Amino acid sequence: MLRIFCGMIIGSMMTMMLLGGGSAADQVLANVQTVYVDQINRPDSATTLLLLVVVGIFMAALTMWPSKPVMQNAKVIKKLRRHCK
């Protein structure tokens, strides 16, 4: 996972260098900062509500997920004896 993340960063840096060098990187950084500051100052209520609904559904699904029953030791030993004969 770390290898993929590093590859993505290196790939994006190489793309910026090929497309315009430092000026392209500065423009991308300025755009990211503008979007970040704008998003902090004006949070979208519909996006927040949608995110809360999705997280709520996900948490409810996790709590209702059927769990595999734990086998008793005697049953496990009995099955192992059958396979070892």
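Undergrad: Would you mind going over the overall build of the chain with me for this structure?
TA: When you go through the chain residue by residue, the secondary structure sums to 4 helices and 0 strands. The helix and strand sequence of the chain, counted from the amino end, reads α-α-α-α. Here the chain has a C-alpha radius of gyration of 26 Å; the compact-globule value for 85 residues is 12 Å, and the former is much larger. Counting only C-alpha atoms and orienting by the principal axes, one finds that the chain spans roughly 75 × 35 × 15 Å. Across the 85 residues of the chain, 2% fall into the buried class. Summed over all atoms, the accessible surface of the chain reaches about 8,400 Å², with 71% contributed by carbon and sulfur.

Undergrad: Before we go on, may I ask you to explain a positive patch on the surface in this structure?
TA: A surface patch of positive charge is lined by K75, K78, K79 and R82. Mapping R82 onto the fold places it in helix 4 (residues 73-84).

Undergrad: Would you take a moment to explain the environment of R82 for this structure?
TA: On the basis of relative accessible area, R82 is assigned to the exposed category, the value being 59%. Expressed as a C-alpha distance, the spacing of R82 and I9, which sit 73 residues apart in the sequence, is 54 Å.

Undergrad: In this structure, what is going on with the confidence of the model for the chain? I would like to understand it.
TA: As a general rule, the predicted coordinates of low-pLDDT regions are not to be interpreted in detail. For the chain, mean pLDDT is 78; residues scoring 70 or higher make up 92% of the total. Element-level mean pLDDT values for the chain span from 77 in helix 4 up to 86 in helix 3 (residues 45-63).

Undergrad: What should I look at first to understand a nonpolar patch on the surface in this one?
TA: A surface patch of nonpolar side chains, amounting to about 510 Å² of accessible area, comprises L51, V55, F58, M59 and L62. Residue placement: F58 occurs in helix 3.

About the cut-offs
- Starting from 1, residues in each chain are numbered consecutively following that chain's sequence as written.
- Owing to the predicted nature of the model, reporting of local features is limited to residues with pLDDT of at least 70; listing and counting of side-chain atom pairs is limited to 80 or more, with chain, interface and lining totals taken over all residues.
- Excluding hydrogens and water, the side-chain values take into account all heavy atoms of the structure.
- In this description a helix means any DSSP run of H or I spanning at least four residues, a strand means any run of E spanning at least two, and both kinds are numbered starting from the N terminus.
- The reference for a compact globule is 2.2 Å times residues^0.38; the radius of gyration itself is calculated from the C-alpha atoms.
- Each residue gets one of three labels from its accessible area relative to the maximum for its type: buried under 20%, exposed over 50%, partly exposed in between, using a 1.4 Å probe on protein chains only.
- Here, Shrake-Rupley sampling with a 1.4 Å probe gives the accessible areas, and only protein chains in the shown set may cover a residue.
- Without a salt bridge and with relative accessible area above 30%, a residue can belong to a patch; like charges are then joined within 9 Å and nonpolar side chains (Val, Leu, Ile, Met, Phe, Trp, Tyr) within 5 Å.
- Here a salt bridge means any side-chain nitrogen of Lys or Arg lying within 4 Å of a carboxyl oxygen belonging to Asp or Glu.
- Charged-residue counts in this description rest on Lys and Arg as positive and Asp and Glu as negative, His and the chain ends being excluded.
- All charge positions are set by atom: Lys at NZ, Arg at CZ, Asp at CG, Glu at CD.
- pLDDT is a per-residue confidence score from the predictor, ranging from 0 to 100.

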